[in-house]
Amino acid sequence: MENILNYNIQDLEKYMTKVGEKKFRASQVFKWISNGIDSWDKMTNISKELSKKLESDFYIGLPAPILIQKSAIDGTIKVLFQLLNNENRLSEENIESVYMKYSYGNTICISSELGCKMGCKFCASTKNGLIRGLSSGEMYGQVLSINNLTGEKINHIVVMGIGEPFDNYEELSKFIRLINNPKGYNLGMRNITISSCGIIPYIDRFAHDFPQANLAISLHAPNDEIRKTIMPIANKYMITDLIDECKKYTLKTHRRVTFEYALIRGINDSIEDARELSKLLSGILCHVNLIPLNDVDNTNLNASKEVSIYNFKKVLDNNSIPVTIRRKLGSDIDAACGQLRARKGV
Ligand code: SAH
């Protein structure tokens, strides 16, 4: 069986033609799916016959929430999901997604891969390596299941959970097209943000394919020397090349890039580092998001002191680099950046 969440409207149209149904049935089914329904009999405007066909060819791959944790501090919700396999049974594969409330609306942070192979020293998601990339439907399913759980409207989706989205580009793009489709979930491109550690060849592709979506780049260092000590990807791509590519991105899309910078005590948080970062980013349409490092077990990395964060920000401010300090959400339930992990057999 196939996960119907992987099917965009054109795929459903082909299916309808194949099984001798009218094409417009595709739109009806697509709409129901985007409403998060979990069984075929809830599709009240399609025939029993079609419902039977669908049931024998597809399953509705909404991941099952098996652990829901709510932060006592800020209401952030972290959901541990169990994925379904192709027999519509619960698999042994687990991923995490996070629901956050901001003043400007509700955001869901979804995972793009089961595990991650990027090896960033400060991130829990990469500890057990990569198991596999998620399908577009498995990404879409996280959004729909969280919608079902919270019953609240979602204004923004960030692909910043487990995994490196550009390492799973084909499925990522299918997911963006699914969630953006006006006949279904209809989330605006401007409300979608992809965060990448900077796999250079995909940046231009992303600019070309989704010029209105948002790009965040995990930079975390002002130069290669520091970056290499915490992010293995820095051995492959030079920071100056990465920044050049981001500049091209902004010229092509007229959209600013967000640079994420986790402040790690004694590693990348000195005044000198802030000055070097300011130089590196000068003249680029960008925004720097400073993230006080979140605790992850078994690393000897610590968050910067508050005063260093403040001083670091001040240098950027003085150099007219737009910068904010990211609010720490959900850290009491290990739902903050870098604290999510894929698990097997929970
Ligand atoms: N692989 C993608 C998306 C997942 S990580 C990427 O690298 O961007 C989402 C963000 O959280 C990234 O900016 C990542 O560098 C950051 N992050 C990871 N571990 C962190 C930690 N322990 N503290 C703070 N931020 C962290």
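All values reported here derive from a predicted model rather than from experimental measurement.

**Things to note about the overall build of the protein**
(1) Moving on: Counting its secondary structure elements, the protein contains 10 helices and 15 strands.
(2) Moving on: Here the C-alpha atoms of the protein give a radius of gyration of 21 Å, agreeing with the 20 Å that 2.2 N^0.38 yields for 346 residues.
(3) Moving on: Its C-alpha atoms give the protein principal-axis dimensions of roughly 70 × 40 × 35 Å.
(4) Moving on: Taken across its 346 residues, the protein has 57% of its residues classed as buried.
(5) Moving on: Excluding contacts between residues fewer than 6 apart, the proportion of contacts in the protein whose partners are at least 24 apart in sequence is 67%.

**Here's the deal with the environment of N181**
(1) Moving on: Looking at where N181 falls in the secondary structure, it is placed in the loop between α5 (169-180) and β10 (192-196).
(2) Moving on: In this structure N181 comes out as buried when scored by relative accessible area, which is 11%.
(3) Moving on: With 77 residues separating them in the primary sequence, N181 and T258 have C-alpha atoms 25 Å apart.
(4) Moving on: Once residues lying within four places of it in the same chain are set aside, the contact partners of N181 are N8, I9, F30 and N186.
(5) Moving on: Only 2.9 Å separates the side chain of N181 from the backbone nitrogen of K183, close enough to count as a polar contact.

**Considerations on the domain arrangement of the protein**
(1) Moving on: Along its sequence, the protein is organised into domain 1 (2-59) and domain 2 (64-343).
(2) Moving on: Computed over C-alpha atoms, the centres of domain 1 and domain 2 are 33 Å apart.
(3) Moving on: Domain 1 puts 14 residues into the contact, and the matching count from domain 2 is 18 residues.
(4) Moving on: Both faces combined, the contact of domain 1 with domain 2 buries some 1,300 Å², and carbon together with sulfur accounts for 53% of it.
(5) Moving on: Our count for the contact surface shared by domain 1 and domain 2 stands at 0 salt bridges.
(6) Moving on: Seen at the junction of domain 1 and domain 2, the total is 7 residue pairs in polar contact (both at pLDDT 80 or more).
(7) Moving on: Per element, the largest residue contribution to the side of domain 1 that touches domain 2 is 5 residues, and it comes from helix α2 (residues 25-34).
(8) Moving on: Per-class residue counts for the side of domain 1 that touches domain 2 are 6 nonpolar, 7 polar and 1 charged.

**Looking at the packing of helix α4 (residues 136-150) against α5**
(1) Moving on: Between α4 and α5, whose axes approach to 8 Å, the crossing angle comes to 45°. On the basis of the axis angle, α4 is oblique to α5. Taken as a pair, α4 and α5 cross one another with a handedness that is right-handed. In this structure, α4 contributes S136, M139, Y140 and V143 to the contact, and α5 contributes E171, L172, K174, F175, L178 and I179.

**Regarding the site of the ligand**
(1) Moving on: In the vicinity of the ligand there are 20 residues, among which F122, S195, S218, H220 and N294 approach most closely.
(2) Moving on: Contacts to the ligand include C197, whose backbone N or O atom sits 3.5 Å from an oxygen atom.
(3) Moving on: Contributions of two or more residues to the shell around the ligand are made by β10 and β12 (257-263).
(4) Moving on: Tallied by class, the residues present in the shell around the ligand amount to 10 nonpolar, 8 polar and 2 charged.

**Quick word on the pairing of β10**
(1) Moving on: β10 sits mainly inside the fold: 5 of its 5 residues count as buried.
(2) Moving on: With 3 bridges connecting them, strand β9 (residues 156-159) and β10 associate as parallel partners. Bridge assignment links V158 to a residue of β10, and that residue is T193.
(3) Moving on: Crossover connection from β9 via α5 to parallel β10: handedness right-handed.
(4) Moving on: Strand direction decides the pairing type here: β10 and strand β11 (residues 214-218), joined by 4 bridges, are parallel. Residue pairing across strands places S195 opposite A216, the latter belonging to β11.
(5) Moving on: Regarding topology, helix α6 (residues 200-209) serves as the crossover connection from β10 to the parallel β11, and that connection is right-handed.

**Regarding the pattern of salt bridges**
Side-chain pairs of opposite charge can arise whenever the charged atoms involved come near each other.
(1) Moving on: A complete count under the given rule lists 14 salt bridges for this structure.
(2) Moving on: Between E93 and R132 there is a salt bridge whose closest N-O contact spans 2.6 Å. Of this pair, E93 sits in strand β5 (residues 90-102) while R132 sits in strand β8 (residues 130-133), placing them 39 residues apart in sequence.
(3) Moving on: For E171, the salt bridge identified is with K174, shortest N-O distance 3.2 Å.

Calculation criteria
- Residues numbered from 1 in each chain as written.
- Predicted model: local features only at pLDDT ≥ 70, side-chain atom pairs only at ≥ 80, totals over all residues.
- Heavy atoms only, no water.
- Helix = DSSP H or I, 4+ residues; strand = E, 2+ residues; numbered from the N terminus.
- Rg over C-alpha atoms; globule rule 2.2 N^0.38 Å.
- Buried < 20%, exposed > 50% of the residue type's maximum accessible area, 1.4 Å probe, protein only.
- Contact = heavy atoms within 4.5 Å.
- Polar contact = N/O pair within 3.5 Å; in protein donor to acceptor, adjacent residues only side chain to side chain.
- Domains from an automatic or database assignment.
- Buried area = accessible area lost by both parts, 1.4 Å probe.
- Salt bridge = Lys/Arg side-chain N within 4 Å of Asp/Glu carboxyl O.
- Nonpolar A, V, L, I, M, F, W, Y, C, P; charged D, E, K, R; others polar.
- Axes fitted to C-alpha atoms, helices over the stretch in contact; angles between N-to-C directions.
- Parallel < 35°, antiparallel > 145°, perpendicular 65-115°, else oblique.
- Left-handed = near helix turned anticlockwise from the far one by under 90°.
- Near = heavy atom within 4 Å.
- Pairing = 2+ DSSP bridges.
- Right-handed = clockwise from strand over helix to strand, strands pointing away.

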